[in-house]
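Listed here are the chains, written in short residue letters.
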Amino acid sequence: MKNLLQQFLEYVQTHQLFSRSNHLLLAVSGGVDSVVLAHLCKSAGYTFSLAHCNFKLRGANSDADEAFVRNLAAQLSVEVCVQHFDTNLTAVNEKISIQEAARKLRYNWFRELIESATHPGQLLLTAHHANDNAETILMQLSKGTGIRGLTGIPAKNEYIRRPLLFASRKHIDQFAVENDVHWREDASNYTDDYTRNHFRLHVIPEIEKVYPSFGQNMMHNVQRFEEAEQLYDYAVHNILKKLLVYKDNEIHIPVAKWIKQPAPAALLFEVLHPLGFSPDLCAEACRLKDSDTGKYVQSGKYRILKNRGWFIISELGNQQDNHFLIEEPVNQVINLPGAQLKITKLTTVPDIRNTDPQVGLLHLDALEFPLLWRKVQPGDYFYPLGMEKKKKISRFLIDQKIPLHQKENIWVLVSGNQIAWVAGLRIDHRFRIKENTQQVLRCELLSEKTRV
């Protein structure tokens, strides 16, 4: 059987994690995993230095860990970088857990070290191993995950490399004992204070009672899941390449075509999740297929909008957006490319005679909010004021002798699935002011010269 060093070298080469031209920055806590990683890198002849975080969470023990890592660096004749953190203060200020605060501080500092490195091709190495991977996959499954969650911890991620994912904790401990490697024990690893420890100390040992080869099986599963993910990504890429339409800064998805694809919900998830949509929001977005025009779901920065037979995904606040929402009938001004839309709620009915064509006076109670303000599209129709029959807007524009270059910049106001106003030209007959009208929505299109 190959020893740990041989397996380490093969794993690095097979996964092309790094080469001897790279300078390696090893994240070393003082525990057995990271200390063994340091000894393996030394034995293999790689150029490296150590990085240690003192989170000030365990009093004298934290300082003893730091002293140990400094001594280890001297023993291995390598440089060491040490950073102190007030982890408790960060957790309180940012209202996050101690564990999350430590992780955030650690990786922010590692990134700073990598970005400011004077060594060519510097990479960060962490000592995550096969048991960590198994714990991660079980935690992901318990929380709910897709196929990527089943692949566990990646061996490569930007500047991070994890060259011990092939090794079990048992084999790492065995290497340390056989090679007289000393390390520091962290007592917190044997408490139930953290979710991972609960899986490590209780869940996995119970599984191993039934399936003794659980750890080995999980390593094989990870490989199969990674291969399945490659097939999945290939299929998703090819389907989305044909399905998505990119227009200006928006993504357009034809709903009828999308729903016929295999696993449409998974496809939409792959589009939305990278934009900050949670799994729950992605599921809500799927339900938009049965919604009226103007309904939408949004994440922190993006919105997916149902517009007739299309989903339209755009960045919030994007001034090049061709779709705007009017959430409620309140006085407001919407900035448009080259113009503005001024909305005013009137509680008295104005004189509708000789109304400026740039103004649309609409029966407020007939409108369904949110309203959608968008460019005119092929196939759009409305009932021009004074007419009982519908007319395609394209035909209406011809009748009005609108020049071609102006037709491309016509906006419409949509209520539900109905166009209420062809901006600058005419309102829809169904939204006209009637004898019983008590409230009016006044919409005025302001040009560059008249904008407020």
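Calculation criteria
Per chain, residues are indexed from 1 in the order of the written sequence. Only residues with pLDDT of at least 70 get local features here, since the model is predicted, and only at 80 or more are side-chain atom pairs given and counted; chain-wide, interface and lining totals rely on the full set of residues. Only hydrogens and water are set aside when side-chain values are computed; all heavy atoms of the structure are taken into account. A pair of strands is labelled paired if DSSP reports no fewer than 2 bridges between them. Segments assigned H or I by DSSP are reported as helices when at least four residues long, segments assigned E as strands when at least two residues long, and all are numbered from the N terminus. Whether two residues are in contact is decided by their heavy atoms, any of which lying within 4.5 Å being enough. Each axis is a line fitted through C-alpha atoms, and for a helix only the stretch in contact is used; angles between axes span 0 to 180 degrees, taken between their N-to-C directions. A pair is scored as a salt bridge if a Lys or Arg side-chain nitrogen falls within 4 Å of a carboxyl oxygen belonging to Asp or Glu. For the exposure calls, accessible area comes from a 1.4 Å probe over protein chains only, and a residue counts as buried if that area is under 20% of its type's maximum, exposed if over 50%, partly exposed in between. If an angle is under 35 degrees, it is roughly parallel; if it is over 145, roughly antiparallel; if it lies from 65 to 115, roughly perpendicular; otherwise it is oblique. Should the near helix be turned anticlockwise from the far one by less than a right angle, the crossing is left-handed, and should it be turned clockwise, the crossing is right-handed. Gly counts as polar in this scheme, as do all residues outside two lists: the nonpolar Ala, Val, Leu, Ile, Met, Phe, Trp, Tyr, Cys and Pro, and the charged Asp, Glu, Lys and Arg. By this rule the span expected of a helix is its residue count minus one, scaled by 1.5 Å. Two axes are fitted around each residue, one to the seven residues ending there and one to the seven starting there, and the angle between them is reported as the bend at that residue. Stacked, tilted and edge-to-face are the three classes assigned to paired rings of Phe, Tyr and Trp, where Trp is represented by its six-membered ring and a pair needs centres within 6.5 Å; plane angles under 30 degrees give stacked, over 60 edge-to-face, the rest tilted. Comment: the charge-over-ring label is applied if NZ (Lys) or CZ (Arg) is within 6 Å of the ring centre and within 35 degrees of the ring normal. To form a nonpolar core, buried Ala, Val, Leu, Ile, Met, Phe, Trp, Tyr and Cys residues must be joined to one another through side-chain atoms within 4.5 Å. We call two N or O atoms a polar contact when they sit within 3.5 Å, provided that within protein one can donate a hydrogen and the other can accept it, with sequence-adjacent residues counted only if both atoms are side-chain atoms.

Engineer: Which parts of the structure should I look at to understand the sheet that holds strand 5 (residues 156–157)?
Structural biologist: Across a sheet, strands are paired by hydrogen bonds formed along the backbone, either parallel or antiparallel in direction. Ordered by their spatial adjacency, six strands build an open sheet running 3-2-1-4-6-5, and the pairing between neighbours is mixed. On the outer flanks of this sheet lie strand 3 (80–84) and strand 5, each paired with one strand and no other. Relative to strand 3, strand 2 (residues 47–54) runs parallel, the two being bridged by five bridges. Paired with His52 across the bridge in strand 3 is Val82. Taken strand by strand, helix 3 (residues 60–76) contacts strand 2 and strand 3, and its axis lies near 170° from that of strand 2. Helix 5 (residues 98–115) contacts strand 1 (23–27), strand 2, strand 3, strand 4 (123–125) and strand 6 (160–161) of the sheet and is inclined by roughly 145° relative to strand 2.

Engineer: Is there a simple way to explain the pattern of salt bridges in this structure?
Structural biologist: When the charged atoms of two side chains lie near each other, side chains of opposite charge can form a pair. The tally for this structure, following the rule as stated, stands at 23 salt bridges. Salt-bridge contacts for Glu135 lead to Arg196; the nearest nitrogen and oxygen are separated by 3.2 Å. Placement of the pair is Glu135 in helix 6 (residues 130–143) and Arg196 in helix 8 (residues 195–210), with a sequence separation of 61 residues. For the salt bridge of Glu229 with Arg148, the shortest nitrogen-to-oxygen distance reads 3.3 Å. Separated by 81 residues along the polypeptide, Glu229 in helix 9 (residues 214–243) and Arg148 in the loop between helix 6 and strand 5 bring together distant segments of the chain. Classification of Arg148 by relative accessible area gives partly exposed; the value is 38%.

Engineer: Which parts of the structure should I look at to understand the packing of helix 11 (residues 264–272) against helix 12 (residues 279–286)?
Structural biologist: Taken N-terminus to C-terminus, the directions of helix 11 and helix 12 make an angle of 125°; their axes are 9 Å apart at the nearest point. It follows that helix 11 is oblique to helix 12 by the angle criterion. Considering only the axes of helix 11 and helix 12, their crossing is right-handed. Residues Ala265, Leu268, Phe269 and Leu272 of helix 11 touch helix 12, and the partners they reach there are Pro279, Cys282, Ala285 and Cys286. Of the residues contributing to the contact of helix 11 with helix 12, the split by class is eight nonpolar, no polar and no charged.

Engineer: Any chance you could explain helix 8 here in plain terms?
Structural biologist: An α-helix turns once every 3.6 residues. As a result, residues three or four positions apart point the same way. Along its 16 residues, helix 8 runs 22 Å from first to last C-alpha, staying within 8% of the 22 Å computed at 1.5 Å per residue. Of all the bends in helix 8, the largest measures some 30° and sits at Val203, one to four residues before the proline Pro205. If you check which residues of helix 8 are buried, you get Asn197, Phe199, Arg200 and Ile204. Where the residues of helix 8 are buried, they touch helix 6, helix 7 (169–178) and helix 9.

Engineer: Explain the packing of aromatic side chains here, please?
Structural biologist: One pair of aromatic rings is described through two measures. These are the centre distance and the angle between the planes. Throughout the structure, instances matching the rule amount to 12 aromatic pairs. The interplanar angle of 80° and the centroid separation of 5.0 Å between the aromatic rings of Phe18 and Tyr46 together place this pair among those described as edge-to-face. Of this pair, Phe18 sits in the loop between helix 1 (4–14) and strand 1 while Tyr46 sits in the loop between helix 2 (32–44) and strand 2, and the two are 28 residues apart along the sequence. With respect to class, Phe18 is no different from Tyr46; both count as buried. Plain terms: the ring middles of Tyr107 and Phe110 are 5.7 Å apart, the flat faces sit at 90° to each other, and that makes the pair edge-to-face. Pair noted here: Tyr107 and Phe110 are both in helix 5, with a separation of three residues, about one helical turn. We note that Tyr107, like Phe110, is buried. An aromatic cluster is built from Phe55, Phe85, Tyr107, Trp109 and Phe110, whose rings are joined through pairwise contacts. One Lys or Arg, Arg20, reaches over the ring of Tyr46 and ends 4.7 Å from the middle of that ring.

Engineer: Can you walk me through the nonpolar core in this structure?
Structural biologist: Generally speaking, nonpolar side chains in soluble globular proteins are found buried as a group. Judged by nonpolar contacts, the single largest core of 39 residues is most densely connected at Phe8, Phe18, Leu24, Leu26 and Leu50. Of all elements in the fold, only helix 1, strand 1, helix 2, strand 2, helix 3, strand 4 and helix 7 reach the threshold of two or more residues within this core. Broken down by element, the residue count for this core peaks at eight residues, all from helix 2. Setting aside residues up to four positions removed in sequence, Leu26 forms contacts with Leu37, Ala38, Cys41, Phe48, Ser49, Leu50, Ala51 and Leu125.

Engineer: Got a minute to help me understand the environment of Gly338 in this structure?
Structural biologist: Within the fold, Gly338 resides in the loop between strand 13 (332–336) and strand 14 (339–346). Residues Gly338 and Lys209, spaced 129 residues apart in sequence, show a C-alpha to C-alpha distance of 70 Å.

Engineer: Looking at this structure, I do not really get the environment of Lys104. What am I missing?
Structural biologist: Mapped onto the elements of the fold, Lys104 is located in helix 5. For Lys104, a relative accessible area of 40% puts it in the partly exposed group. C-alpha separation for the pair Lys104 and Phe225, spaced 121 residues apart in sequence, amounts to 28 Å. Polar side-chain contacts of Lys104 include one of 2.5 Å to the side chain of Glu94.

Engineer: Looking at this structure, I do not really get the sheet that holds strand 19 (residues 411–415). What am I missing?
Structural biologist: One open sheet accounts for five strands, arranged 12-16-19-20-21; its pairing is antiparallel. The open sheet has two edge strands with one neighbour each: strand 12 (323–326) and strand 21 (426–427). Pairing between strand 20 (residues 418–422) and strand 21: two bridges, direction antiparallel. Bridge pairing links Trp421 to Ile427 in strand 21.

Engineer: Would you mind showing me how to read the pairing of strand 8 (residues 250–254) here?
Structural biologist: In summary, the side chains of a regular strand alternate between the two faces of the sheet. With five of five residues buried, strand 8 lies mostly within the body of the structure. Residues Glu250, His252 and Pro254 point to one face of strand 8 and Ile251 and Ile253 to the other, with burial holding for every one of them. Pairing between strand 7 (residues 245–247) and strand 8: three bridges, direction antiparallel. Following the sheet pairing, Val245 is matched in strand 8 by His252. Relative to strand 11 (residues 310–315), strand 8 runs antiparallel, the two being bridged by four bridges. Residue pairing for strand 11: Pro254 is matched across the bridge by Trp310.

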